[in-house]
Amino acid sequence: MVSTANAVFNFFMKILVLPLWLLNQVGIWSPLYRLLFPHILYRLTKHFNKLMAKTKRDLFLNIENFAVQKGRLTVLEIGCGTGANFQFYPRGTRVICVDRNPHFNKFLQDNKKMYPHLQLEKVFGPAEDMHRVADGSVDVVVATLVLCSVQNVQTVLTEVARVLKPGGAFYFLEHVAADPATWTYFFQHIFDPLWWYFGDGCSLTVETWQYLENSGFSDLKLKHLHAPLALPLVRPHILGYAVK
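The numbers attached to residues start from 1 for each chain and follow its sequence in the written order. Local features are withheld for residues below a pLDDT of 70 in this predicted model, meaning they are given only at 70 or higher, and side-chain atom pairs are given and counted only at 80 or more; totals for whole chains, interfaces and linings count all residues. To obtain the side-chain values, all non-hydrogen atoms of the structure were used and water was disregarded.

Chemist: Quick rundown of the overall build of the chain? Include the residues and the values.
Modeler: Numbering of helices and strands runs from the N terminus, with a helix taken as a DSSP run of H or I at least four residues long and a strand as a DSSP run of E at least two residues long. Counting secondary structure elements, the chain contains seven helices and seven strands. For a compact globule of 244 residues, the expected C-alpha radius of gyration is about 18 Å, and the chain comes in at 18 Å, within 12% of that figure. Expressed along its principal axes, the backbone C-alpha trace of the chain runs to roughly 55 × 35 × 35 Å. Three labels apply to residues, based on accessible area from a 1.4 Å probe with only protein chains included: buried if under 20% of the type maximum, exposed if over 50%, partly exposed otherwise in between. The burial tally for the chain puts 49% of its 244 residues in the buried class. In this description the radius of gyration comes from C-alpha coordinates, and the expected globular size is given by 2.2 Å times residues to the power 0.38.

What follows is the structure, given as C-alpha cells:
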C-alpha cells in the first residue's frame with residue numbers, strides 16, 4: 001500500500017517539475033542555477049558548519065596521521081564549494097580543490113586570503129574523471145555533502161582509490177537515504193525529483209554506505225547519525241573514513 005502511494009505521489013511530483021525539466025532540456029535551467037547555486041550554498045554552508053562544527057572537528061581529528069611525509073599533508077577535496085572544510089585542515093596543508101562548477105572560483109580566491117596557511121589549488125571538472133590528478137599522489141581525499149550529487153558514486157570511489165597513496169584515507173560526511181521503515185524515507189522519494197533541480201543535481205535517496213562497503217578499501221570506519229537539521233529529509237547522515 002505504501003509503495004503504491006509512493007509511486008502515485010512520485011508521478012504527480014514529476015508532472016509538477018515538468019516546466020523545470022523543459023527549461024533544463026533547452027539549456028536554460030542548469031547554466032542559470034549553477035551561476036546562482038554557489039551564493040545559495042555559501043549561506044547554507046555557514047549554517048551547517050555552526051550546527052556540525054564539533055562533528056567535523058572530531059571527524060578530521062586524525063587527518064594528519066595519513067601524511068606520508070610528516071608535516072606535509074596533501075588533501076584532494078571533491079566539491080570544495082565555498083571552502084566549508086578549510087578551517088579543519090592543519091597548517092601547511094596542500095589542498096587540491098576539485099569542483100565541477102567553475103562559478104565557485106570566486107569563493108576559492110576569497111579563501112586564499114582567509115586561509116593563508118593553506119596551499120590552495122583548483123581543478124575544475126567532474127569527480128568521475130580526475131585525470132589531471134596523478135595516480136597515488138595524495139594522502140587524503142575528502143568529500144562532504146558531495147556524493148549525493150555525482151552521476152556515478154562507484155566511479156568516483158574508483159577515482160578516489162586511484163589518486164590515494166597506499167595507506168591513504170578517504171574522509172566522508174554525507175546525507176543519505178533514511179531507513180525504509182520511516183516516513184522520512186517515503187517523503188525523500190516523493191520530493192527527490194524536485195530536489196534534484198534545486199540541489200544542483202543532489203539526490204535524497206542515495207544509499208552511499210553500500211557503495212563504500214563494496215569499494216574494496218582495506219579498512220572502513222563508518223557511522224550513521226541524524227544531523228541536527230531543521231529539515232527531516234536531510235537529517236540521515238553517514239560519516240567516517242576509508243583506508244586504501
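Chemist: I'd love a proper account of the layout of surface pockets, names of residues and values included.
Modeler: Cavities and pockets are defined on a 1 Å grid built over the protein atoms alone: a cavity is a set of grid points where a 1.4 Å probe fits but cannot escape, while a pocket is an open set with protein on both sides within 12 Å along at least five of seven lines, and lining residues are those with an atom within 4 Å of any such point. Grid points are joined across faces, edges and corners, and a volume is the space filled by probe spheres set on the points. One number sums up the size of the largest pocket: a volume of about 1100 Å³. F37, L41, L145, C148 and C202 are the residues nearest the centre of the largest pocket, which is lined by 44 residues in total. Listing elements by their share of the lining of the largest pocket, those giving two or more residues are α3 (29-59), β1 (74-78), β2 (94-99) and α6 (183-198). Polar here means any residue outside two lists: the nonpolar Ala, Val, Leu, Ile, Met, Phe, Trp, Tyr, Cys and Pro, and the charged Asp, Glu, Lys and Arg; Gly therefore counts as polar. Per-class residue counts for the lining of the largest pocket are 24 nonpolar, 13 polar and seven charged. Size it by volume and the second largest pocket reaches roughly 280 Å³. Forming the walls of the second largest pocket are 15 residues, and the residues nearest its centre are Y42, K46, T82, M114 and Y115. If you list the elements that add at least two residues to the lining of the second largest pocket, you get α3 and α4 (105-114). Across the lining of the second largest pocket, the residue classes tally to five nonpolar, six polar and four charged.

Chemist: Describe the pairing of β2, and please don't skip the residues or the numbers.
Modeler: Counting buried positions over the six residues of β2 gives five, a clear majority of the element. Two strands qualify as a pair provided that DSSP identifies no fewer than 2 bridges between them. Where β1 and β2 come together, five bridges link them in parallel fashion. In the sheet register, V75 faces β2, and the bridge partner there is V95. Here β2 pairs with strand β3 (residues 119-124) via six bridges, running parallel. The residue bridging I96 from the neighbouring strand is E121, located in β3. Handedness of the crossover is the feature at issue here: the chain leaves β2, passes through α4, returns alongside β3, and the resulting connection is right-handed. A clockwise course of the path from the first strand over the helix to the second, judged with the strands pointing away from the viewer, identifies a crossover as right-handed.

Chemist: Describe the sheet that holds strand β4 (residues 138-144), and please don't skip the residues or the numbers.
Modeler: Pairing is mixed across the open sheet formed by seven strands, whose spatial order is β3-β2-β1-β4-β5-β7-β6. One side of each edge strand has no neighbouring strand; the edge strands of this open sheet are β3 and β6 (219-226). The sheet shows a mean angle of 15 degrees between the axes of neighbouring strands, direction not considered. Whether two residues are in contact is decided by their heavy atoms, any of which lying within 4.5 Å being enough. Axis lines are fitted to C-alpha atoms, over the contacting stretch for helices. Their N-to-C directions set the angle, which ranges from 0 to 180 degrees. α3 rests against β4, β5 (164-175), β6 and β7 (236-243) of the sheet, and its axis sits at about 150 degrees to β5.

Chemist: So what's going on with empty space enclosed by the protein? Which residues, and what values?
Modeler: For the structure on display, the rule yields one cavity of 30 Å³ or more. Reported here for the largest cavity is a volume of approximately 70 Å³. Taken together, C80, G81, G83, F86, C97, D99, F104, L108, N111, K122, V123 and F124 make up the full set of residues lining the largest cavity. Elements supplying a minimum of two residues to the lining of the largest cavity: β2, α4 and β3. Element by element, the count of residues in the lining of the largest cavity is highest for β3, at three residues. Partitioned by chemical class, the residues of the lining of the largest cavity number seven nonpolar, three polar and two charged.

Chemist: Quick rundown of the packing of helix α2 (residues 18-25) against α6? Include the residues and the values.
Modeler: Following both chains from N to C, one finds α2 and α6 inclined at 40 degrees, their axes separated by 10 Å at the closest point. On the basis of their axis angle, the class for α2 and α6 is oblique. When the axes of α2 and α6 are compared, the crossing they make is left-handed. Listed contacts from α6 to L20, W21 and N24 of α2 are L194, W196, Y197 and F198. If an angle is under 35 degrees, it is roughly parallel; if it is over 145, roughly antiparallel; if it lies from 65 to 115, roughly perpendicular; otherwise it is oblique. In a left-handed crossing the near helix is turned counterclockwise from the far helix by less than a right angle, and in a right-handed crossing that turn is clockwise.

Chemist: Just give me the short version of a nonpolar patch on the surface, but keep the residues and values in it.
Modeler: Patch criteria: residues need more than 30% relative accessible area and no salt bridge. Like-charged residues are merged within 9 Å; nonpolar side chains of Val, Leu, Ile, Met, Phe, Trp and Tyr are merged within 5 Å. Throughout, the Shrake-Rupley method with a 1.4 Å probe supplies accessible areas, and for residues the shown protein chains are the sole cover considered. Throughout this description, the term salt bridge denotes a Lys or Arg side-chain nitrogen within 4 Å of a carboxyl oxygen of Asp or Glu. On the surface, L32, L35, L36, I40 and L44 cluster together into a nonpolar patch covering about 440 Å² of accessible area. Take L35: it is sitting in helix α3.

Chemist: Kindly report on the nonpolar core, identifying the contributing residues and their values.
Modeler: Counting residues in hydrophobic clusters, the biggest one holds 33 residues, and the most contacted among them are I63, F86, Y89, V140 and Y171. Listing elements by their share of this core, those giving two or more residues are α3, β2, β4, β5 and β7. Setting aside residues up to four positions removed in sequence, Y89 forms contacts with I63, V75, E77, V95, H117, L118 and V142. By size, the runner-up hydrophobic cluster in this structure holds 30 residues, among which are M130, V141, A143 and V146. Throughout this description, the term nonpolar core refers to a set of buried Ala, Val, Leu, Ile, Met, Phe, Trp, Tyr and Cys residues connected via side-chain atoms within 4.5 Å.

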